[in-house]
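Coordinate analysis (summary)
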Amino acid sequence: MEKVLSSVIPSLVKKGIFGDVEFKDLKSENDKDIGAQFASTLAFANLIVKSNSGEEILPLVIKAPMPERKDNHVQFLMESLMYKEVLPTLGFDQVCYPKIHYNCISLENPEENILIFENVKYKHYCNTKIRTFLDFDHISLALKTLARFHSLSFILKHDNLEKFLELTEKMKKYCFDPETYSVYNIPLYAAIERGFRGFEKEIGPNETLEDALRALKNPTLLRGKLSLPEEPFDVICHGDFCNNNLMYKYNEKGSPSKCILYDFQLSIYGNIAVELAFFLYMHTNSECREKYWDSFLRIYWDSLKESVPNHIELPKYEDFLEYFEARAMLGYLISSFFLPMVMDPDVQFWGNLPLEEQIALMKTIAGNEGEKALVDVVSHMYKKKYIHKFLNYMKTKKYLV
């Protein structure tokens, strides 16, 4: 990263990447409020340039590969594709994601990959102070923003299906490959089992829970299956839609008024249930789910309908609910390991640990508080009959053996 700051950025200024300006100075900044980072290394700097109109400060975010991660080369390729082609083609409003100044993706030397973005904090966006469980206002605004993003897929499919399919074919080259992460199946299953066994302690032995655990034995493969695009609910997905990748702007009353998305490294051509289930189970606690769960689903769907022109037909709300309920398990599948990781600020990337340590970590991250959060999710899925509907879906698709 030091090389990027000392030599690469000044050379990019000379090449005109930042416009018709001259390099003056580059000052590094520390940002202690960037949230958990598990796939990339970030640096922050203020680029000072000079033009005919005087000096200007360009706040930058520089993203480089995390040295200990050997699997994120395709993620940089995906993010470059999303910013350079997919988001502009969809027509996603530029104010809804950061501007990208520069991208360099090297197939021969992936350690030299680099992405340079504007730092939207200087546009008064910021991360929430609470990383995990959000309040009604933050969740509602995030869901409305997600719905607008998803609406663009419905619009492009209707207006130019050929172009939409062209984009999705390009994305398939760099999207999440379950086989790549199958080496983590054992520790991931330990995380999944943690919440189920904790819930069993509350209600006693349960055949439905045991059937679900058998169905979840291969989490990476199942994640790929549940994420598949299926008409009419297929959309281009952010792929990692959670609070780590959202920033908010606040009004004079301190309420969130705008929301911005970033970090499109895990984007996929998938379905709307992927994003919703993950986000809602990551960022609602049991009290919030009890009060607002149905309202959140309605907010998302109403916002989607409002964002899609009337001449484009959408499925019925009841069909959307049925589709979501059968796939809501995907939200738990991901949250079972990621939610405790975010709750425990001391946890770092664990993929290089010995298998026994990985398993032990998945069973204990964030202690009793982490386990309770997972048990609460399983309890909610059970009471909403999502586990039962998941099993019925698996039988229908003949995924169960």
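See the structure shown above.
Since this is a predicted model, take the numbers as computed values, not measurements.

On to the nonpolar core. In this structure, Phe196, Tyr300, Phe320 and Phe324 are the most contacted members of the largest nonpolar core, which totals 121 residues. In this structure phenylalanine 320 touches Phe233, Ile272, Leu276, Leu297, Tyr300 and Trp301, once residues within four positions along its chain are discounted. Judged by nonpolar contacts, the second largest core, of 17 residues, contains Ile9, Leu47, Tyr102 and Ile114.

With respect to the helices, strands and loops of the structure, threonine 145 is situated in helix H3 (residues 136-159). When its relative accessible area of 1% is taken as the criterion, threonine 145 is described as buried. Leaving out residues up to four positions away in the same chain, threonine 145 has contacts with Cys259 and Leu261.

Counted under the stated rule, the structure contains 26 aromatic pairs. Look at phenylalanine 164 and tyrosine 269: their rings are 5.6 Å apart centre to centre, the planes differ by 80 degrees, and that puts the pair in the edge-to-face class. Placement of the pair is phenylalanine 164 in helix H4 (residues 161-172) and tyrosine 269 in strand S9 (residues 268-271), with a sequence separation of 105 residues. The two residues phenylalanine 164 and tyrosine 269 agree in class, both being buried. Through a chain of ring-to-ring contacts, the aromatic side chains of Tyr281, Trp293, Tyr300, Trp301, Tyr317, Phe320, Phe324 and Tyr386 assemble into a single cluster. Sitting over the face of the ring of tyrosine 317, arginine 298 holds its NZ or CZ atom 3.6 Å from the ring centroid.

The first and last C-alpha atoms of helix H2 (residues 73-90) sit 24 Å apart over 18 residues, in line with the 26 Å expected at 1.5 Å per residue. The largest bend in H2 amounts to roughly 50 degrees and is located at methionine 82. Of all the 18 residues making up H2, 13 are buried; the element is thus mostly covered by neighbouring parts of the structure. Positive backbone phi, approximately 90 degrees, marks glycine 91, located one or two places after H2.

What follows is about the environment of serine 379. For serine 379, the location among the structural elements is in helix H13 (residues 367-383). Judged by its relative accessible area of 10%, serine 379 falls in the buried class. For the pair serine 379 and serine 286, spaced 93 residues apart in the sequence, the C-alpha separation amounts to 9.1 Å.

Under the definition given, this model contains 21 salt bridges. Between arginine 197 and glutamate 193 there is a salt bridge; the shortest N-O distance is 3.2 Å. Of this pair, arginine 197 and glutamate 193 both sit in helix H5 (residues 185-203), 4 residues apart, which is roughly one turn of the helix. Residue classification places arginine 197 among the partly exposed positions, given a relative accessible area of 29%. Since its relative accessible area comes to 21%, glutamate 193 is described here as partly exposed. Residues lysine 384 and aspartate 294 are paired through a salt bridge, measuring 3.0 Å at the closest nitrogen-oxygen approach. Linking lysine 384 in the loop between H13 and helix H14 (386-396) with aspartate 294 in helix H9 (residues 286-307), this pair joins segments that are 90 residues apart in sequence. Lysine 384 sits in the partly exposed class, given a relative accessible area of 27%. Bridged by salt links that share partners, the residues Glu85, Lys163, Glu166 and Lys170 form one connected network.

Reading guide: rules and limits
- Residues numbered from 1 in each chain as written.
- Predicted model: local features only at pLDDT ≥ 70, side-chain atom pairs only at ≥ 80, totals over all residues.
- Heavy atoms only, no water.
- Core = buried A, V, L, I, M, F, W, Y, C linked by side-chain atoms within 4.5 Å.
- Buried < 20%, exposed > 50% of the residue type's maximum accessible area, 1.4 Å probe, protein only.
- Contact = heavy atoms within 4.5 Å.
- Helix = DSSP H or I, 4+ residues; strand = E, 2+ residues; numbered from the N terminus.
- Phe/Tyr/Trp six-rings, centres within 6.5 Å; stacked < 30°, edge-to-face > 60°.
- Lys NZ or Arg CZ within 6 Å of the ring centre and 35° of its normal.
- Expected span 1.5 Å × (residues − 1).
- Bend = angle between axes of the 7 residues up to and from the residue.
- Salt bridge = Lys/Arg side-chain N within 4 Å of Asp/Glu carboxyl O.

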